Amino acid sequence: VAGSSPAGGAKYSLITKVFRLFCFNIMFTVYILFSKKLGRYYVGQTKDFSERFFRHNNSEMKYTKKGVPWFLVSKIEVDSRSAAVILESKIKKRGAKRYLHDNDISPVG
C-alpha cells in the first residue's frame, strides 16, 4: 500500500515506549512476598510498590492480612501494566517457589 511502512510503525512504537519510559517514568512492579507465619508466597503487581507493601503489612489487603509480617523476596520492574500482568500470571502459573528457583533467586522457607 502506498505511503505505509511496517518499519515506520515499529519505529513509532519504539519511540512511544522510550517517550513513556523517560518522560513519564511509568514503571510497574511485580513482586513476590513471603510470610513466615503462613509459610506461603504472595505474588502481586502494582504501580506504587512502597504503598502496596505498606498496605500488605498493615492488614489492609484482604488476601494478605493473615500473614503479617510479609517479607520481600523479589521485585521486578517492567514498563507497562500489561507486561506486569503477564509476568504476574506467569509466576503464579509456575508457582512462586519454582519461579524463584528457575531464576536463581534464593527462595525463603
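First things first, this report covers the structure right here in the doc. (Residues numbered from 1 in each chain as written. Predicted model: local features only at pLDDT ≥ 70, side-chain atom pairs only at ≥ 80, totals over all residues. Heavy atoms only, no water.)

### Describing the sheet that holds strand β2 (residues 40-46)
With antiparallel pairing, three strands are arranged side by side in an open sheet as β2-β1-β3. Either end of the sheet is taken by a strand with one partner, and the two such strands are β2 and β3 (70-78). Neighbour to neighbour, the strand axes of the sheet diverge by 20° on average, direction disregarded. In this structure, strand β1 (residues 28-35) lies alongside β2, joined through seven bridges in antiparallel fashion. Considered in β2, the bridge of Val-30 is made with Gln-45. (Pairing = 2+ DSSP bridges. Helix = DSSP H or I, 4+ residues; strand = E, 2+ residues; numbered from the N terminus. Axes fitted to C-alpha atoms, helices over the stretch in contact; angles between N-to-C directions.)

### Comments concerning the environment of Lys-36
With respect to the helices and strands, the residue Lys-36 is situated in the loop between β1 and β2. Taking the C-alpha atoms as reference points, Lys-36 and Pro-69, 33 residues apart in sequence, are found 7.7 Å from one another.

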